[in-house]
Amino acid sequence: MIEQFLKFCVVGGSGVFVDFGVTYFFKEAVRLNKYISNSLGFLCAASTNYVLNRVWTFENTDPHITAQYMRFLGIAAIGLAINNATIYLLHEKWHLNFYLAKLCAIGVVTFWNFFMNYFFNFK
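For every chain, the first residue of its written sequence is number 1, and the numbers climb from 1 along that sequence. Per-residue local features are limited, in this predicted model, to residues with pLDDT of at least 70; the limit for side-chain atom pairs, both in listing and counting, is 80 or more; totals at the level of whole chains, interfaces and linings are taken over all residues. Computation of side-chain values covers all heavy atoms of the structure but excludes hydrogens and water.

Our next topic: the layout of surface pockets. Its volume calculated, the largest pocket comes out at about 320 Å³. By definition, any uninterrupted DSSP run of H or I lasting at least four residues is a helix, any uninterrupted run of E lasting at least two residues is a strand, and each is numbered from the N terminus. Elements supplying a minimum of two residues to the lining of the largest pocket: α1 (2-29), α2 (34-57), α3 (65-93) and α4 (98-121). Looking at the lining of the largest pocket element by element, the count peaks at 8 residues for α1. Grouping the constituent residues of the lining of the largest pocket by class yields 11 nonpolar, 8 polar and 1 charged. In this analysis, the protein atoms alone were mapped onto a 1 Å grid. Cavities are point sets where a 1.4 Å probe fits without being able to get out; pockets are open sets with protein on both sides within 12 Å along at least five of seven lines; lining residues have an atom within 4 Å of a point. Grid points are joined across faces, edges and corners, and a volume is the space filled by probe spheres set on the points. Residue type decides the class: Asp, Glu, Lys and Arg count as charged, Ala, Val, Leu, Ile, Met, Phe, Trp, Tyr, Cys and Pro as nonpolar, and the leftover types, Gly among them, as polar.

Written as structure tokens, this is what we have:
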């Protein structure tokens, strides 16, 4: 489990670049609402993370890819709610920089996503 968690974190690290890139683009360049931008970034990263986690982290060969992907997105959607709540608390209530709050939120959600996928999705 430790090796898989470390791989999961490496994949998550690559997802951070996707997440921040998409979030930054929609928040700063397109000028969308910061929470909508955050959600778009998070969901794009979740999709790339699914592929990498399926192939590399969990080395999963379940032929029901669509169902597995939908479970992955369901877990990620709950993670997104945790992510946005954490950002709201840290940024709006405690006045932490938005991107620093987002980084903290990613750390919190990493544990949720790993254990839910380990025990329920890629078992």
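Alright, that's what it looks like, and here's the rest.
Time to look at the environment of D19. Mapped onto the fold, D19 is located in helix α1. Taking C-alpha positions, D19 is 4.1 Å from G41, a pair spaced 22 residues apart along the chain. The contacts of D19, once residues within four sequence positions are left out, are N38, G41, F42, A45, K102 and I106. At 2.7 Å, the side chain of D19 and the side chain of K102 are in polar contact. Residue contacts are defined here by distance: any two heavy atoms, one from each residue, within 4.5 Å place the two residues in contact. Whenever a nitrogen or oxygen atom comes within 3.5 Å of another N or O atom, the pair is scored as a polar contact, on the condition that within protein one atom can donate a hydrogen and the other can accept it, and that pairs from neighbouring residues in sequence are kept only if both atoms are in side chains.

Glancing now at the packing of aromatic side chains. Within 6.5 Å between ring centres, the rings of Phe, Tyr and Trp (the latter by its six-membered ring) count as paired, and their orientation is classed by plane angle as stacked under 30 degrees, edge-to-face over 60, tilted in between. Under the defined criterion, the tally for this structure stands at 17 aromatic pairs. Ring plane angle 25° and centroid distance 5.5 Å describe the contact between F5 and F111, whose orientation is recorded as stacked. Taken as a pair, F5 in helix α1 and F111 in helix α4 lie far apart in primary sequence, 106 residues in all. Considering the side-chain rings of F20 and Y99, the 6.0 Å spacing of their centres and the 35° angle between planes classify their relative orientation as tilted. On the criterion of sequence distance, the pair formed by F20 in helix α1 and Y99 in helix α4 is long-range, its members being 79 residues apart.

So, about the pattern of salt bridges. Put simply, a salt bridge is a Lys or Arg side-chain nitrogen that is within 4 Å of an Asp or Glu carboxyl oxygen. Tallying each qualifying case throughout the model produces 6 salt bridges. One salt bridge connects K7 with E3, and the closest N-O pair in it is separated by 3.7 Å. You can see K7 and its partner E3 sitting in helix α1, 4 residues apart, about one turn around the helix. On the basis of relative accessible area, K7 is assigned to the buried category, the value being 13%. In this structure E3 comes out as exposed when scored by relative accessible area, which is 57%. Two residues, K27 and E28, come together in a salt bridge whose shortest N-O distance is 2.8 Å. Three or more residues are tied together by salt bridges with common partners; here these are E3, K7 and E59. Working definition: with a 1.4 Å probe on protein chains only, accessible area under 20% of the residue-type maximum means buried, over 50% means exposed, and in between means partly exposed.

Our focus in this paragraph is unusual backbone geometry. For R31, which is not glycine, the phi torsion reads 65° and is therefore positive. By the secondary structure assignment, R31 is in the loop between α1 and α2. Given the relative accessible area of 66%, R31 is considered exposed. A positive phi is found at H95, a non-glycine position, where the angle reads about 60°.

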